[in-house]
Amino acid sequence: MVMQAQELLYGSFGGSKYMLMGPTNAGKTTFVSKLVHPNATILMSQMIGKGNCTLTPKTFVLSEAPELVHVIRLCAKPNPQPMNRKDYDEVIMETFGALAKQAAKENVKHVETPKELLTKGFIKGDNHVSFLGLLQGEAEKWIGETSAIIDQVGREELRSIYDIARARVEDPESAKAKSKSADIDFKLSEVFREYLDGSFPHLSGKEIGLRLAHQYNHINNLFYDLATYFFEGSEKTCDGYLTHTFPLVDTMDEALQEKKNAFFSDNSNEHKISMEVLYEELVVYVGINPGIVKLLGLDGEKFRNRNGVIEFGLIDTMGAFHRYGDKGETKQYLANLSREHEYDGIILLIPLILEANEKKFVQLSSDFFRQFPYDLDVVMISNKVDRFIDQFKKEWKSKHVSLDPFADNADLQDQPIDMMALKEQLISSMNLIQKELTDTVEEQGNGRVHILDHLATSFVEPRIDTMGLDQLSQLPQTVLQMMRLFARAKKSVDKISVEFNDAYGADIGIAIDSVALNQGITHILKPSMFDNIYSNCRDNAGKIPHGNSFNALPSRLIVAEGYKVHLSDRFVRVHSFEITFPGTIRNFLQNIEKEILSVMRDCIVFHGVRNLTTEIKDTLLSRLATRLSIRNIAANLVYAQTFRPVMKLPYYSFGSKFQSYIGNVKCKLTQPQQCQAYTEAIVQEVRRAFKATLDSDVVYRR
């Protein structure tokens, strides 16, 4: 447990964070760029496009730390599976389906090759799939290798598979379904999944499936290598983040400048996808605009860290309608977004111009916040007031100014508009949002969500006329009002004063005796928990979920929630199922939380604290305990350790994948004498909670 003195540097951020939510093209990244130090504005602006710019959520930590005046620090954890298995399988099935339909026809004028179809799906598709282009020549080579594997399926075999799919379409049971399951494309996808699983022994699918699974893992290995190469020669933090510091001024170092541009770019152009898509966690430390610090005054004290520096995080997220057009899917995305991140409040951006997406987002937000399960502070900001005014001017002139196309209309062009009418329109639009969202949540909600205020501004027009409206203000005043509202809503915390030993490194460190922890955990986990998990696995043995149900499962598991699916009789060849063990694990761990904390106390050592007394250690441990999340521990067990590995395996049908997952759970989570998975999950959560304790509950004395 002895830890050598070192320059400790953390990548994660556990201080005050506020999540930006809004429809696609709402201006979330633009908003962040307006709050950073002027030196960082140009670089941050490179991430702003015409919409769909954020593909991976990022936490921007705005800090007054002096070193961030001239640099920006990027911390990242590479995603081991940036190519989502669902996306990969869908492109493969679409390719096979197109080839099978070609094979079933005679005299096809233009026969598309596997290479053409794969290129269309992987490189020229939506930007959440087309980031294959980041690999450049390696991508073309991989496409060639993958198409060569698919090319081995001959025309007769493709015809045989097409005939099986057509027979299923014509099957009376499928006809009764009255759903898209009777569609030939749907059936082709279903049959090819079974084919690649080896369900048709007389066909060569099993071997093809094994090789295509290898290609999936190979492409992700290439991505992972590229993600780590991007940080080559850089430091690695003690909490596992790759980190690199970029100067804010342009440099003569072409390689460094190329790296900077590769990450800080927008994603509106499929040929210029940012490197951000290769990482599952991103934290960007950037200087804050000094004007914010100066004008916040005493309200800024709530945001001081252990070194006395003001800092807070803004979580920039993907727009609500970027990938999800369906109302149900968007609602689920918002729910997942709110549960997968830790934050102190939400900044809800709703552009004042209420077009179709904005109106839909207002309705979805209203439904979402009415049933929100936790206490939550929200500040609403209606931005794009400048566009609202410009649009009003155009419409007003088109109705009230008659232009002669053959005359000089200079005088008419300058004719003033009706400012009172404009003011009424602004009030009307703000009142509509107020009524549909704020009033509805307050009147019909469960009382958990507190909308602190509804503000309006422009992110691009610095000197906008407020026309005497209380809600409408220029951007600096809007930002300050938002921060004051959040500061006053924050609970006061008595910080732990710690005498920091500079000789140790840059921060306090923690060491965990995982062997001793595992021994202690083994003795306190209840046999009844293992029995319940095992029983639920048995209940799901042999079941084949519907594809949509299986694809929805990980979004529940990643937040440690179970999932119950009841299918009506119109669904054939698939089953209802119920996953309850995430809740079982959460509840049992919650019931023995005190015992877990007791075991942890004997397995944890703090380093870098001068004159560490028993009282200070107990205080640190007690505060760390309040930051621990049982839900995070359970999510690590039921998703990261058991579900995610299934995606690497050569299974294509939803039944095979589902049963592989159930098998993993039985193997790793139901053996009383093999609790290593539980120990690993607890260790990971303790390290996260410790950093949150440092960022929120500690102040250093030197």
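Residues numbered from 1 in each chain as written. Predicted model: local features only at pLDDT ≥ 70, side-chain atom pairs only at ≥ 80, totals over all residues. Heavy atoms only, no water.

Draft legend 1. Structural detail: the sheet that holds strand E8 (residues 345-349). Read from one edge of the open sheet, ten strands run E4-E5-E3-E6-E2-E7-E1-E8-E9-E10, paired in mixed fashion. A strand with exactly one partner marks an edge of an open sheet, and here the two such strands are strand E4 (235-236) and strand E10 (449-456). Looking at chain direction, E4 and strand E5 (residues 242-247) are connected through two bridges and run antiparallel. The residue bridging Lys236 from the neighbouring strand is Leu242, located in E5. Strands strand E1 (17-21), strand E7 (311-316), E8, strand E9 (376-382) and E10 of the sheet are contacted by helix H17 (residues 475-489), whose axis makes an angle of about 165 degrees with E10. (Pairing = 2+ DSSP bridges. Helix = DSSP H or I, 4+ residues; strand = E, 2+ residues; numbered from the N terminus. Contact = heavy atoms within 4.5 Å. Axes fitted to C-alpha atoms, helices over the stretch in contact; angles between N-to-C directions.)

Draft legend 2. A look at the packing of aromatic side chains. Summed over all chains, the structure comprises 30 aromatic pairs. Between the aromatic rings of Phe369 and Phe372, the centroid separation amounts to 6.4 Å while the plane-to-plane angle is 55 degrees, which identifies the pairing as tilted. Among the residues examined, Phe369 registers a relative accessible area of 1% and is labelled buried. Between Tyr563 and Phe577, the ring centres sit 5.9 Å apart and the planes meet at 75 degrees, which makes this aromatic pair edge-to-face. Note that Tyr563 is positioned in strand E13 (residues 563-565) and Phe577 in strand E14 (residues 577-579), a separation of 14 residues in sequence. Judged by relative accessible area, which is 15%, Tyr563 ranks as buried. Ring pairing ties together the aromatic residues Phe230, Phe231, Phe246, Phe263, Phe264 and Tyr279, which thus form one cluster. (Phe/Tyr/Trp six-rings, centres within 6.5 Å; stacked < 30°, edge-to-face > 60°. Buried < 20%, exposed > 50% of the residue type's maximum accessible area, 1.4 Å probe, protein only.)

Draft legend 3. Inspection of the environment of Gln519 at higher detail. In this fold, Gln519 is placed in helix H18 (residues 514-524). Residue classification places Gln519 among the partly exposed residues on the basis of a relative accessible area of 48%. Considering only alpha carbons, one finds Gln519 and Ala335, 184 residues apart in sequence, at a separation of 37 Å.

Draft legend 4. Geometry of the confidence of the model for the chain. Here the chain averages 89 in pLDDT, and 92% of its residues register 70 or above. Counting interchain partners and residues more than four positions distant, the pLDDT-below-50 stretch residues 1-5 has 14 contacts. (pLDDT = per-residue confidence, 0-100.)

Draft legend 5. Broad picture of the state of the cysteines. Applying the stated criterion to the full structure yields zero disulfides. Here Cys238 is not cross-linked by a disulfide; its sulfur's nearest cysteine counterpart is in Cys75, at 11 Å. Overall, Cys238 belongs to the partly exposed group, its relative accessible area being 36%. Between Cys675, a cysteine without a disulfide, and Cys667, which holds the nearest cysteine sulfur, the sulfur-to-sulfur distance is 13 Å. (Disulfide = S-S within 2.5 Å.)

Draft legend 6. Focus on the nonpolar core. Core analysis: the biggest nonpolar cluster contains 96 residues, and Phe31, Phe96, Leu212, Leu314 and Ile347 have the highest contact counts within it. When residues no more than four places from it in sequence are discounted, the contact partners of Leu314 are Tyr18, Leu20, Phe31, Val32, Leu35, Lys58, Thr59, Phe60, Leu62 and Ile347. Counting residues in hydrophobic clusters, the runner-up holds 73 residues, among them Phe550, Met600, Ala634 and Val638. (Core = buried A, V, L, I, M, F, W, Y, C linked by side-chain atoms within 4.5 Å.)

Draft legend 7. Region of interest: empty space enclosed by the protein. A complete count under the given rule lists one cavity of 30 Å³ or more for this structure. Approximately 40 Å³ is the volume found for the largest cavity. Lining the largest cavity are Leu597, Met600, Arg601, Leu621, Leu624 and Ala625. Of all elements in the fold, only helix H22 (593-601) and helix H23 (614-627) reach the threshold of two or more residues within the lining of the largest cavity. Here the residues of the lining of the largest cavity are counted per class, giving five nonpolar, no polar and one charged. (1 Å grid on protein atoms, 1.4 Å probe; cavity = no way out; pocket = protein on both sides within 12 Å on 5 of 7 lines; lining within 4 Å. Points joined across faces, edges and corners; volume = space filled by probe spheres on them. Nonpolar A, V, L, I, M, F, W, Y, C, P; charged D, E, K, R; others polar.)

Draft legend 8. Inspection of the pattern of salt bridges at higher detail. All chains considered together, the criterion is met by 32 salt bridges. Between Arg304 and Glu64 there is a salt bridge, with its nearest N and O atoms 3.0 Å apart. Here Arg304, found in the loop between helix H11 (290-296) and E7, pairs with Glu64, found in the loop between strand E2 (58-63) and strand E3 (71-78); they are 240 residues apart in sequence, far enough to count as distant. Residue Arg304 is classed as partly exposed on the basis of its relative accessible area, which comes to 26%. Measuring nitrogen to oxygen at the nearest pair gives 2.9 Å for the salt bridge that ties Asp697 to Arg627. (Salt bridge = Lys/Arg side-chain N within 4 Å of Asp/Glu carboxyl O.)

Draft legend 9. Looking closely at the packing of helix H3 (residues 85-103) against helix H9 (residues 205-229). For the pair H3 and H9, the least separation of the axes is 11 Å and the interaxial angle reads 135 degrees. When the axes of H3 and H9 are compared, the pair comes out oblique. Like other packed secondary-structure pairs, H3 and H9 cross with a definite hand, here right-handed. Residues Arg85, Tyr88, Ile92 and Phe96 of H3 pack against Ile208, Leu212, Gln215 and Tyr216 of H9. Considering only residue class, the contact of H3 with H9 consists of six nonpolar, one polar and one charged. (Parallel < 35°, antiparallel > 145°, perpendicular 65-115°, else oblique. Left-handed = near helix turned anticlockwise from the far one by under 90°.)

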